[in-house]
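Next come the chains, spelled out residue by residue.
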Amino acid sequence: MKILIAEDDAATRTMLECLTKKWGYAVVSTSDGEEALRLLEAADGPNLALMDWLMPGLEGPEICRRLRSSRSEKDPYRYVILLTVKGEQEHVVRGLEAGADDYVVKPFDPQELKVRLDVGRRIVELQEMLRYNARHDVLTGLLNRRAGLERLEEECARSRREKVPLSVAVLDLDRFKEINDTYGHGGGDEVLRETAQRLRGLVRSYDVTARLGGEEFLLLFPGTSREAAEEICERIRGQFESEAFLSEKVFVTASIGVAGFGGDEDERTLLRRADAALYEAKNGGRNLVRSARCRPE
């Protein structure tokens, strides 16, 4: 786990770097408050921070305050321990009110600091697990409906802003109720897990896959025309048709509806057009890919 050491005293900073490296942390360090905030706000920034109260640029409590005010629910949690020579009660309260998670008075005992970091690490790991579970489907490990629709909104905004193509597909497993009736819900769950595994292997690394609910899945193809997305979906359909599920016990087919982003529509309209194309595939006999060829007026 990455840890930020933000301390303007060179001797103390060096000591903290040596200790935390010995304890198994990947260390990033700075002596400047503004740089500390920039590092903590980065998407791949450290999850733990040991931060001096007094630093050039920004003081520790102000960094905590800004960090907490700018954080969204999708951002990883940063656990901050403030280091200071100020031991008075009012300073402890001020630091915690600003958003610090813990507080250590210098000079500190290394073993006490290690224990406090261990606590912080456990809290960060729990926060990461909760954040993951809030955005992922428990059964398949794909993005859940909420997170998938958020990504759809983001990709529509990016496509509109950068004027690049975007295509959306909705995939539905055919006659899934018969699978549940024949093999039980355990068998149905295994088919859904296999579906997710196959989709991960058939789409590109930058495509987005989510479970909308039941046996329905959302596929996002950034930078991809509708025609190219149709080809990808046809490969998916063909693979489902040709390779049996449940250890070669049952063949499962999929119907897929595809829509290309029109540029001046919202994400709900785009998804409705993909849904309409899916129903065309279902009504056309299933095991088909159908496309919404133009945006309705």
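Keep in mind that this is a model prediction, so the values were computed, not measured.

1. Description of the sheet that holds strand 10 (residues 289-292)
Piece 1. The strand order across the open sheet formed by 5 strands is 7-8-6-9-10, and the pairing between neighbours is mixed. Taken across any chain shown, the strands that pair with only one partner, and hence form the sheet edges, are strand 7 (208-213) and strand 10. Within the sheet, the average angular offset between the axes of one strand and its neighbour, ignoring direction, is 20°.
Piece 2. Two strands pair when backbone bridges link them, and strand 6 (residues 166-173) and strand 9 (residues 254-260) are joined in this way by 7 bridges, in the antiparallel orientation. Its bridge partner lying in strand 9, Ala169 is registered against Val258.
Piece 3. In the packing of helix 6 (residues 145-162) onto the sheet, contacts are made with strand 6, strand 7 and strand 8 (216-222), and the angle to strand 8 comes to roughly 25°.
Piece 4. Relative to strand 6, helix 7 (residues 176-202) is tilted by about 150°, and along the sheet it contacts strand 6, strand 7 and strand 8.

2. Quick look at the sheet that holds strand 2 (residues 26-30)
Piece 1. Here 5 strands make up an open sheet; going across it, the order is 2-1-3-4-5 and the pairing parallel. Of all strands in the sheet, those with a lone pairing partner are strand 2 and strand 5 (102-105), marking the two edges. Each neighbouring strand pair of the sheet contributes to a mean axis angle of 20°, computed without reference to strand direction.
Piece 2. Alignment of strand 3 (residues 48-52) against strand 4 (residues 79-84), held across 5 bridges, turns out to be parallel.

3. Points about the state of the cysteines
In a disulfide, the sulfur atoms of two cysteines are held together by a covalent bond.
Piece 1. Evaluation of the coordinates by the stated rule reveals 0 disulfides.
Piece 2. Free cysteine Cys233: the closest other cysteine sulfur is in Cys156, separated by 16 Å.
Piece 3. Judged by its relative accessible area of 0%, Cys233 falls in the buried class.

Rules used throughout
Residues numbered from 1 in each chain as written. Predicted model: local features only at pLDDT ≥ 70, side-chain atom pairs only at ≥ 80, totals over all residues. Heavy atoms only, no water. Pairing = 2+ DSSP bridges. Helix = DSSP H or I, 4+ residues; strand = E, 2+ residues; numbered from the N terminus. Axes fitted to C-alpha atoms, helices over the stretch in contact; angles between N-to-C directions. Contact = heavy atoms within 4.5 Å. Disulfide = S-S within 2.5 Å. Buried < 20%, exposed > 50% of the residue type's maximum accessible area, 1.4 Å probe, protein only.

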